[in-house]
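# Analysis of the macromolecular model
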Amino acid sequence: MSSPTSSSPAPTPPTAPTALHRTLKPRSVAYVGVSEASPYAHSVRRTLSGSTETLFVHPKFDTLFGRPSVPDLTELAQPVDVVFSAVSAARTVTVVEQAAAIGAGGVVTIAGGFAESGEEGTLLQARMADIARAAGLPVVGPNGVGVINVPDEVNMTMLAPFERRPGGLSAVTHSGAMIEAIGAAGHRPGGVGLNLLISAGNEAVTDLADYLDFLVDDDRTTVIALALEKIRRPEAFFAAAARALAAGKPIVAVKMGRSARARKMAASHTGSLVGDAWVYETALRQAGIQLANDIEELVDRVQFLEQLPRQRWTEVRGLAVLTATGGFAQLASDLAEDIGVDIPALEQLQPLADTVPGRPLPNPLDATGFADSIPGLWESIVDGYAAEPAVDALLFTSQHADWDIMNRRMADVFAAAGSRLPGKPFVVAPLAGTAGTWLEDHRACEVAVGNGLLGCLRGLHTMGRFVRAHRRGQQVRPAATVPALPVPEGAVHDIPEGRMLSFAATMRLLADSGVPVARWAVFDGAVAHPGFPGPYVVKLADVAHRTEHSAVRLNVPDDGLADATAELREIARRDGLPATVAVQEMVAGHGEAFIGVQGASELGPLTAFGLGGVFVELLKQVGGRLAPFDETTARELIGEFDATGVLDGFRGAPAWDRARLADVLRAAGDLAAGGRDWIDSLDINPLVITADGPVAVDGLCLLRTA
């Protein structure tokens, strides 16, 4: 099954959650084109084992699976909530038409041969979408693998049978095989329980934003997993993500198509446009969505959020790790530092650690096998750590295999303590490999069962990040919350990169938007005194890449303005460049940054930030946020560069004024959102950090072509 294609028509506006309820949580299902010899017959049999009413439509059979069958949907004697179509693309259009005619709640289709297959398929998909749109009919797919409702045992899928347990994780994927992978990774001791598994396919009618919006209100969904290639309606998607965060429902996502080769594969196989990976990762994190690199990691990251009730979720700022082996105590410390989980020293618990032979450090604690050989010692250790206020999460890791009898008793003691303290996550996990099936018993006591040391730390890290994002109310604001700005008046120059706004118009735009700029004046004729003291920077104003033409003069005194201007105008004549000259004050500072504005990335207006000068090439680090954003978000963006040490004063330089820098970033974000209809890109470079705050000394603004 190929991935969804972006050559398909734009999806319809959001489908009403009530309509999707009939599609995803139906009381009745009509299977179209599935016989007892069909490769999808197993889906029918699994559905028949539940309580959902099952109907059959097939032109060749009067009975199927011991039930009556009719030739087409219009001959059903009763309404139906959802139709599962297993017929060809052309016949699927007829099925959708008939489903609309009989008032069905929705259609799930697995057929290929639509927009992913070329022009003919695109037209066919457009026809199907028009029919569904006119009737307000949700359609899952086409070119997907269907839908599985695990608790209700409703199977509308082409996937082979796989083991699963009911639970609170709902998943939406663009690649259908990811659903099966989530099931496989989640079906282990501990693991995750599954609720709704949705293969979005081409999203001809119903898209990712619709599904996410539905899952926010679904009472069985506690955590949401996404495996996505493209977000087709960013504003609706991020609005749904904000609702999920406010409702306390974490979202963890795998973004596919991040590498250049993966993007080429998507294009060559399906014509799908895969967005810039950096923009996606930036935007998803900004929305409070946690990221994973693959399905195994995704399941690791959601495992404790699905297993544990919400009242046990904490910020995980004080993780205590208890183990019976020194090597893994050291490894836990190393991995926690890599992932970003805080394992405090807990020096106040050293007297308790001293009761263990060898007097280990208190955290991570190597309790050794002797802790269980001294009556009451292990119990007192666990109770002491559990009662410590600085500890807000506990992990006991040992081999915990089916043959590990000694550590089973230690795990039981640990779990018993966890059941007595409901406000913290308690986790038992194997050091590596598959956990013993006996660990499952602890889930009934609200004790989580993890997947190895690395998997546990991933899961706890995700829990902590989500709790912090939820408390902060993180979200991506719609660009439309900032009034649209008019295109500035001023000259526009055609350059190889596009249409460039003049230097004067660009500097006025920045100043009017709240970005401090260095004093400047422009001259088309003779250069007069600019009205502010020198020394000066003199440059050809309306040239995008001045250094390539040696078109900048620095530290020009008052009596050198005429000569500098003459030199620059000779360069303009020689190279065929605009002859307007800009005179600016020389701005002295103790640091440089740059700000980049993109008026319309794939997900919306974007503001990028980085360190300037030598640090651009040295660090190769850029941060960004979708615009607009608030001061807290601006400060978080600045904080991404804390590890460089530059902002706190490099080699004796003064510290940067973060408050003023945040104000400038926020102003640039508002400019990005306000100019969303006409800004292609705007570079504020350099932004000089002075004793009085940041000052923009140059700007390059490219306008979007019609």
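Above this text you will find the structure in question.
The shown structure was predicted, so the numbers you read here are calculated from the model rather than taken from an experiment. Note that residues are indexed from 1 along each chain, following the sequence as it is written. In keeping with the predicted nature of the model, local features appear solely for residues at pLDDT of at least 70, side-chain atom pairs appear and are counted solely at 80 or more, and the whole-chain, interface and lining totals rest on all residues. Hydrogens and water molecules were not included; the side-chain quantities draw on all heavy atoms of the structure.

A tally of helices and strands in the chain yields 21 helices and 31 strands. C-alpha atoms of the chain, sized along the principal axes, occupy 95 × 75 × 35 Å. For every residue, the accessible area (1.4 Å probe, protein chains only) is compared with the maximum for its type, and the residue is labelled buried under 20%, exposed over 50%, or partly exposed between those bounds. Buried residues in the chain amount to 58% of all 706 residues. Restricting the contact set of the chain to residue pairs at least 6 apart, pairs at least 24 apart contribute 73%. The protein chains shown are the only cover counted for residues, whose accessible areas, like all others here, come from Shrake-Rupley with a 1.4 Å probe. With the model as given, the accessible surface of the chain reaches about 27600 Å², and the carbon-plus-sulfur share is 53%. Counted charges follow a simple rule, with Lys and Arg positive, Asp and Glu negative, and His plus the chain ends left uncounted. Note on charges: their place is set at NZ of Lys, CZ of Arg, CG of Asp or CD of Glu. In the chain, 59 positive and 81 negative side-chain charges are present, and the distance between their average locations comes to 2 Å. Numbering of helices and strands runs from the N terminus; a helix is a DSSP stretch of H or I covering at least four residues, while a strand is a stretch of E covering at least two. Here, two residues are considered to be in contact whenever any of their heavy atoms come within 4.5 Å of each other.

A few words now on the side chain of Gln-474. Looking at the secondary structure, you find Gln-474 in the loop between α16 (452-472) and β20 (492-495). Engagement of the side chain of Gln-474 in a polar contact is seen with the backbone oxygen of Arg-285, the distance being 2.8 Å. Under this definition, polar contacts are N or O atom pairs within 3.5 Å; protein pairs additionally need one hydrogen-donor-capable and one acceptor-capable atom, and for neighbouring residues in sequence, both atoms have to be side-chain atoms. Side-chain polar atoms of Gln-474 contact the backbone oxygen of Gln-286, separated by 3.2 Å. Residues contacting Gln-474, with those up to four places away along its chain left out, are Leu-245, Arg-285, Gln-286, Ala-287, Gly-288 and Ala-469.

This paragraph deals with the sheet that holds strand β1 (residues 28-32). Only when DSSP finds a minimum of two bridges between them are two strands counted as paired. Ordered by their spatial adjacency, seven strands build an open sheet running β3-β4-β2-β1-β5-β6-β7, and the pairing between neighbours is mixed. Two strands close off the open sheet at either side, each with one partner strand: β3 (63-64) and β7 (139-140).

Moving on: the nonpolar core. Grouped together as the largest cluster of nonpolar side chains are 53 residues, with contacts concentrated most on Met-156, Leu-226, Ile-231, Phe-237 and Phe-238. A total of seven residues in this core trace back to one element, the largest contributor, which is helix α6 (residues 208-217). When neighbours within four sequence positions are excluded, Met-156 is seen to be in contact with Thr-23, Val-29, Tyr-31, Val-82, Phe-84, Val-108, Val-145, Gly-146 and Val-147. Membership of the second largest hydrophobic core comes to 52 residues, among which are Leu-197, Val-316, Leu-457 and Val-467. The nonpolar core is taken to be a set of buried Ala, Val, Leu, Ile, Met, Phe, Trp, Tyr and Cys residues, with the residues joined through side-chain atoms within 4.5 Å.

Our next topic: the packing of helix α11 (residues 326-339) against α16. Their axes nearest at 10 Å, the elements α11 and α16 cross at an angle of 40°. For the element pair α11 / α16, the angle class is oblique. Once α11 is placed against α16, the crossing between them reads as right-handed. Where α11 abuts α16, its residues Phe-328, Leu-331, Ala-332, Leu-335, Ala-336 and Ile-339 lie against Leu-453, Leu-454, Leu-457, Arg-458 and His-461. Looking at the contact of α11 with α16, its residues break down into nine nonpolar, one polar and one charged. Helix axes are fitted only over the stretch in contact, all axes being lines through C-alpha atoms; the angle between N-to-C directions runs from 0 to 180 degrees. By the definition adopted for this analysis, an angle is roughly parallel if under 35 degrees, roughly antiparallel if over 145, roughly perpendicular if from 65 to 115, and oblique otherwise. Crossings are sorted by hand: turned counterclockwise from the far helix by less than a right angle, the near helix makes the crossing left-handed, and turned clockwise it makes it right-handed. Here the nonpolar group is Ala, Val, Leu, Ile, Met, Phe, Trp, Tyr, Cys and Pro; Asp, Glu, Lys and Arg are the charged ones; every other residue, Gly included, is treated as polar.

This part is about α6. The element α6 is extensively covered by neighbouring structure, given that eight of its 10 residues are classed as buried. All of the buried residues in α6 are Leu-208, Ala-209, Asp-210, Tyr-211, Leu-212, Phe-214, Leu-215 and Val-216.

So, about the sheet that holds strand β9 (residues 154-157). Pairing within the open sheet is mixed, and its seven strands lie in the order β9-β8-β11-β10-β12-β13-β14. Since the sheet does not close on itself, it has two edges, and those belong to β9 and β14 (290-292), each with one partner. Mean inter-strand twist for the sheet, computed between neighbouring axes without regard to direction, equals 20°. Pairing of strand β10 (residues 166-173) with strand β11 (residues 194-199) involves five bridges; the strand directions are parallel. Residue pairing across strands places Pro-166 opposite Leu-194, the latter belonging to β11.

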